[in-house]
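Analysis of the macromolecular model
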Amino acid sequence: MSKSEVKFQKLNDDAKILGIGGLFRSVGNKSWAINLDFNGNTSQSLQFSNIPVLARKRVLNATKPYDLAGLPFSFTISNAQQWSVANATDCPAYQAHRHGKDSNQLCFVVQLSDVRVYIPQLEMARVLFYHDPFLARLSLQHNALMEDFFLSKNDNGQPVVTVREGAEYPITYFNQDDNRRFLTWVLLDSSARASFESISTNLVKNQFQKNKYQYWNFQFTPPPLDGVDIGLRGWEDRESKSFFVWEIIRLNGLPSEVTGEIDFFHPGYERQVGGKPTVGDGKQAQAPDQYELDDDELSDTDKATMGLASERVKISFNTPFITNRVSRRIKSVSNVFGVDETEVLDSRLSTNEKEDSGELPGGAWNNIDDETDDAHLYLGKFQSFINMVDVLELVHGYEILSREIIKLPRVGEGKKHWLSDTQNPRCMAVVNLRHTNQNITLFEIDTSDNAAKLSTMMIKGANKDVWISQNLNQVMVEIMKKSLGWPTALFKTAFTKDGFAGIPHPKSKNPGSLPPEEIGPWAQRFVNWASRS
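Every value quoted in this text rests on a predicted model; they were computed, and no experiment measured them. (Residues numbered from 1 in each chain as written. Predicted model: local features only at pLDDT ≥ 70, side-chain atom pairs only at ≥ 80, totals over all residues. Heavy atoms only, no water.)

Counting all residues, the mean pLDDT for the protein is 85, and 89% of those residues have values of 70 or more. Every residue in residues 330-343 is under pLDDT 50, and counting partners more than four places away or in other chains gives 47 contacts. (pLDDT = per-residue confidence, 0-100. Contact = heavy atoms within 4.5 Å.)

For the structure shown, the criterion picks out 20 salt bridges. We note a salt bridge from Arg 56 to Asp 102, for which the minimum N-O separation is 3.0 Å. Linking Arg 56 in the loop between strand 4 (42-47) and strand 5 (59-60) with Asp 102 in the loop between helix 1 (92-95) and strand 8 (106-111), this pair joins segments that are 46 residues apart in sequence. Residue classification places Arg 56 among the buried residues on the basis of a relative accessible area of 5%. A salt bridge links Arg 250 to Asp 229, with the nearest nitrogen and oxygen atoms 3.1 Å apart. Here Arg 250, found in strand 15 (residues 242-254), pairs with Asp 229, found in strand 14 (residues 229-237); they are 21 residues apart in sequence, far enough to count as distant. Each of Arg 58, Glu 123, Arg 126 and Glu 247 takes part in salt bridges that share partners, so that together they form one network. (Salt bridge = Lys/Arg side-chain N within 4 Å of Asp/Glu carboxyl O. Helix = DSSP H or I, 4+ residues; strand = E, 2+ residues; numbered from the N terminus. Buried < 20%, exposed > 50% of the residue type's maximum accessible area, 1.4 Å probe, protein only.)

Scanning all chains against the criterion turns up 34 aromatic pairs. The ring of Trp 246 carries Lys 57 above its face, with NZ or CZ at 4.9 Å from the centroid. In this structure, Lys 460 packs its charged tip against the face of Trp 529, placed 4.4 Å from the ring centre. (Phe/Tyr/Trp six-rings, centres within 6.5 Å; stacked < 30°, edge-to-face > 60°. Lys NZ or Arg CZ within 6 Å of the ring centre and 35° of its normal.)

The next thing to look at is the pairing of strand 19 (residues 290-293). In strand 19, alternate side chains face the same way, and those of Tyr 291 and Leu 293 are buried while those of Gln 290 and Glu 292 on the opposite face are not. Bridge count between strand 1 (residues 5-8) and strand 19: 4 bridges; the pairing is parallel. Note that in strand 19 the partner of Glu 5 across the bridge is Gln 290. Direction of pairing for strand 19 relative to strand 26 (residues 348-349): parallel, over a ladder of 2 bridges. Residue Leu 293 lies in a different strand from strand 26, and its bridge partner there is Leu 349. (Pairing = 2+ DSSP bridges.)

The 3 strands lie next to each other as 1-19-26, forming an open sheet whose pairing is parallel. In the strand order of this sheet, the two ends are held by strand 1 and strand 26, each with one partner.

All right, on to the nonpolar core then. Core analysis: the largest hydrophobic core is formed by 82 residues, its most contacted members being Phe 48, Met 124 and Tyr 130. Beyond its immediate stretch of four places on either side in the chain, Met 124 contacts Trp 83, Phe 108, Ile 119, Phe 220, Leu 225, Ile 230, Ile 248 and Leu 251. (Core = buried A, V, L, I, M, F, W, Y, C linked by side-chain atoms within 4.5 Å.)

The subject of this paragraph is the sheet that holds strand 10 (residues 149-153). Pairing in this open sheet of 4 strands is mixed, and the strands run 10-11-16-23 from one edge to the other. At either margin of the open sheet sits one strand with a lone partner, and together these are strand 10 and strand 23 (322-326). Here the average twist between neighbouring strands, direction ignored, is 25°. Note that strand 10 and strand 11 (residues 159-163) share 5 bridges and pair antiparallel. Bridging from a neighbouring strand, Phe 150 pairs with Thr 162 of strand 11. Contacting strand 10, strand 11, strand 16 (261-265) and strand 23, helix 6 (residues 177-188) crosses the sheet at an angle of about 110° to strand 23. (Axes fitted to C-alpha atoms, helices over the stretch in contact; angles between N-to-C directions.)

Structural data, given as structure tokens:
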């Protein structure tokens, strides 16, 4: 993501979305646009590829910070496929508050014990599927998932996703674990896929033509979503006990049939090996302070795509799974550069599809905030470390009090929260031990991608347990601020210089793993330091 601001070229400053209408396109045109109503009695259309950032009462081209609009509301879904359907105008809460010319848009209607909730169908689809422009465009094309992706299984019976040659799926999304995981869910979960494909089915069935334009009021069939916690914001009419949803901000506990590890191939990805990590992408270009989105132009196939920051939707899966970024080609290099395409100097971008006739670099929205509790899936990355801890227990009499795997946070515009090779989350193991009435904590960070040479941190002291529990988040932030370095100044203040030490790893030809004969001597180093007074 870029720190640069993003502004729609065709919209006024502080343009508040009051209504989201139907889709349309001229006959023979490939791309669909959507009608929008704004404050100031203005109307405009934008390409449908911008749907990840289009929600009622949101402010585009904001010149100052805005709070989230509407009253908060939440409930637990029980079979969304049994929801009834009505027009927005049928909701008294819709009529009680100022909106645009979108009264005929379809809503799901949920009758709870004390209130009747109207959820615009397009808003429900936005938070389920429309996290980037690629999926937005793909959903409107019949049979597009089968045409762009090939599904198979590896020797272990686990699914494999292959991006077909010629598919538009950008390497920038493939390089991010949250985007890969979400697309994998759409491809492999039967309920999610059927729901996604119902969009194009309804479009083909219900679109209509008037003069030289085709029109469609969005409609789809949701997955059952049993047990999902949904968080909303909108307007309540207490007299009628109705609630009209402006924006969905949270979907927690999405059910999924996908489990384990899924290999994900992209024809544009080459795994780079043998190089030393290098900050950036090797170019000296600097992004402008503000990008302007030209909604009328196509993006150029040969130009880079810039990630665009937006308000995020909090998503989590009940059953987490890992996607592995895999390449059939390996390239030996002297330096490994960052994967993000940051060489975009042009201040104008296009969020439309890439074509040979396009002229502008691409802009790609990404609104996923994946909060899935999945850190435990990355335990295998710490196998040598866990083997060493087992030696402390079995050979040296240490008692293991707790073991935890935590994903390191993203801080600022840094990229070290991802492993540079797989682009999966970088995690830290936290192990609490006791030996001869002494409590000890070990911190081990996954550097299997050779991103840094980092020792294991060992902390001891009478007050350290309480301090660590209260300051763990700060410790992780400081680690990331130092680009994977221990916050020694912070530790000195809390424990004095004798209360902590970095225990070096044995040398290994393979980062992240050790030969069995090195595990015992490594454990002895911890024992030696812990025994010092």
